[in-house]
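Examining the three-dimensional arrangement
The primary structure of each chain is shown beneath.
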Amino acid sequence: MGIQMILEGLSQGNPETFKFLHRQYGPIVLAHILRNNGTRDDYEDVFNLTLTTIWQKVTDGVYKEEGKFKQFFLAVAENKWLEELRRKRAKPSFAIEENFQIADPGEEDLARAVVKDQRLNAIFQVLESWNDTVCKDLIVKFHLEEISLLEISQKTGYDYNNLRKRIFDCRKRLEKQAMELLSVER
């Protein structure tokens, strides 16, 4: 199914389009969620939220055909999963006694996932706070939407080599500010 058929199907609310998207992107989203300490139930919730968001963006005319639809879809799904992780972290489902210790062989994996989630949260916080729309746009297009630098260069008119240097500088600045934010939060 081509991008035009997908967009038309979404704007018309065609169930076949939703089934196609589920078959096409469901396994990728499921694998991402399971790799990042989620469950199949989490996947169902996140995938449905993703479909709803995509459908809204298409029907409202917010989605512009910039980049690849797959990358757009997966970026929305990843953001929905991050929102879910933040929500879960903000509302613990049970209290643990102070002297209770978890002896789980996957504890190290969980600790790594928590650290990764903290870093991602810091990165998104920094990105949201930036007034530098060029850097912010480059980071989003290249890393979240996975548009190649060559394609960005062609669309924006920036010189490819200057663009490579610019995104390198933007990433360094983002990394530095995210690490500073993490050290302040501790």
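Residues numbered from 1 in each chain as written. Predicted model: local features only at pLDDT ≥ 70, side-chain atom pairs only at ≥ 80, totals over all residues. Heavy atoms only, no water.

We now examine the overall build of the protein. Of the regular secondary structure elements, the protein holds eight helices and zero strands. When the elements of the protein are put in sequence order from the N terminus, they spell out α-α-α-α-α-α-α-α. For the protein, the proportion of its 186 residues judged to be buried stands at 32%. When the accessible surface of the protein is split by element, carbon and sulfur atoms take 52% of a total near 12400 Å². (Helix = DSSP H or I, 4+ residues; strand = E, 2+ residues; numbered from the N terminus. Buried < 20%, exposed > 50% of the residue type's maximum accessible area, 1.4 Å probe, protein only. Areas by Shrake-Rupley, 256 points an atom, 1.4 Å probe, with all protein chains shown as cover.)

Let's shift gears to the confidence of the model for the protein. The predicted model of the protein averages 79 in pLDDT, with 83% of residues at 70 or higher. Averaged pLDDT values for the elements of the protein fall to 71 in helix H5 (residues 107-129) and rise to 88 in helix H2 (residues 15-35). In this model residues 93-105 is a low-confidence stretch, pLDDT under 50, and it forms one contact with partners more than four residues away in sequence or in other chains. (pLDDT = per-residue confidence, 0-100. Contact = heavy atoms within 4.5 Å.)

In total, this model carries six aromatic pairs according to the counting rule given. Aromatic side chains Tyr43 and Phe47 sit 5.6 Å apart centroid to centroid with 45° between the ring planes, which places their arrangement in the tilted category. With a gap of four residues between them, Tyr43 and Phe47 both fall in helix H3 (residues 40-59), about one helical turn apart. Residue classification places Phe47 among the buried residues on the basis of a relative accessible area of 0%. Clustering of aromatic rings is evident, with ring pairs tying together Tyr25, Tyr43, Phe47, Phe69, Phe72 and Phe73. (Phe/Tyr/Trp six-rings, centres within 6.5 Å; stacked < 30°, edge-to-face > 60°.)

This brings us to unusual backbone geometry. In this structure, Asn37 takes a positive phi of about 65° despite not being glycine. Within the secondary structure, Asn37 is located in the loop between H2 and H3.

As a packed pair, helix H1 (residues 3-12) and H2 sit with axes 8 Å apart at the nearest point and diverge in direction by 125°. As judged from the angle between their axes, H1 and H2 are oblique. Our pair here, H1 against H2, has a crossing hand that is left-handed. For the pair H1 and H2, the contacting residues are Met5, Ile6, Gly9 and Leu10 in the first and Thr17, Phe18, Phe20 and Leu21 in the second. A breakdown of the residues in the contact of H1 with H2 according to their chemical character gives six nonpolar, two polar and no charged. (Axes fitted to C-alpha atoms, helices over the stretch in contact; angles between N-to-C directions. Parallel < 35°, antiparallel > 145°, perpendicular 65-115°, else oblique. Left-handed = near helix turned anticlockwise from the far one by under 90°. Nonpolar A, V, L, I, M, F, W, Y, C, P; charged D, E, K, R; others polar.)

The end-to-end C-alpha separation of H3 is 28 Å, in line with the 28 Å expected for 20 residues at 1.5 Å each. Here H3 has its buried residues at Asp42, Tyr43, Val46, Phe47, Thr50, Leu51, Thr53, Ile54 and Val58. Along H3, the residues classed as buried sweep out an arc of 170° about the axis, all on the same side. Measuring from the backbone nitrogen of Asp41 back to the side-chain oxygen at the start of H3 gives 3.4 Å, which picks out Thr39 as the cap. Following H3 by one or two positions, Gly61 has its phi on the positive side, about 80°. (Expected span 1.5 Å × (residues − 1). Arc of directions from axis to C-beta. Polar contact = N/O pair within 3.5 Å; in protein donor to acceptor, adjacent residues only side chain to side chain.)

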